[in-house]
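Coordinates in review
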Amino acid sequence: MGVTITDDSKRAYFNCDKCPAYCCSIYDRVQVTKRDIKRLAKHFNLSVEQATSRFTKPWEKEQVLRRKKDPIFGKACHFLDPETRKCTIYHARPAVCREFPLTRRCGYYDLLTFERRQQDDYDVLPVVQITFQKWKK
Ligand code: SF4
Ligand code: SF4
């Protein structure tokens, strides 16, 4: 997911090039719209039906991207390169991937840099998993 930070981007406080792609790994649910599936189908020269069954699966009332084994996080997006940690379909990626993280900070990049400072080890990688539940204080 994420964005490419270029010289003319508004300043962003994260750098996807230095990140193991938390956003492509820890979410079970990367939503794809009909438009996203059409784009994927075109990219791979497949029919919409083929792209839907090959790359997506149902999740409640929506379709999400399929996942696969990942050497760092256990599971990750089907389209994440496990070594380079880059998206292999960057120009055909779904809209949610283009938008993430919506702000000029990325919480996962903050976590990465925070832990590296705390551990005084700039090679250390905090491995996190995320689940959601309702909670009221
Ligand atoms: S499609 Fe690409 S950018 Fe989106 S989650 Fe998968 S690997 Fe990441
Ligand atoms: S988790 Fe944040 S910094 Fe890492 S690739 Fe995704 S958007 Fe970029």
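Above: the structure in question.
Overview of the structure.

This brings us to the sheet that holds strand β2 (residues 56-59). Strand order across the open sheet formed by three strands is β1-β3-β2, with antiparallel pairing between neighbours. Each edge of the sheet is formed by a strand with only one pairing partner; in this case those strands are β1 (31-32) and β2. With two bridges connecting them, β1 and strand β3 (residues 62-65) associate as antiparallel partners. Bridge pairing links Gln 31 to Val 64 in β3.

Side chains of a nonpolar character, in soluble globular proteins, are inclined to be buried together. Judged by nonpolar contacts, the single largest core of 16 residues is most densely connected at Tyr 22, Tyr 27, Phe 100, Cys 106, Tyr 108 and Tyr 109. Looking at this core, the elements with two or more residues in it are α1 (22-25) and α5 (107-119). Formed by 14 residues, the second largest nonpolar core is a distinct cluster that contains Val 32, Leu 46, Leu 65 and Cys 97.

Reading the values: rules and limits
Residues numbered from 1 in each chain as written. Chains lettered and ligands numbered in written order. Predicted model: local features only at pLDDT ≥ 70, side-chain atom pairs only at ≥ 80, totals over all residues. Heavy atoms only, no water. Pairing = 2+ DSSP bridges. Helix = DSSP H or I, 4+ residues; strand = E, 2+ residues; numbered from the N terminus. Core = buried A, V, L, I, M, F, W, Y, C linked by side-chain atoms within 4.5 Å. Buried < 20%, exposed > 50% of the residue type's maximum accessible area, 1.4 Å probe, protein only.

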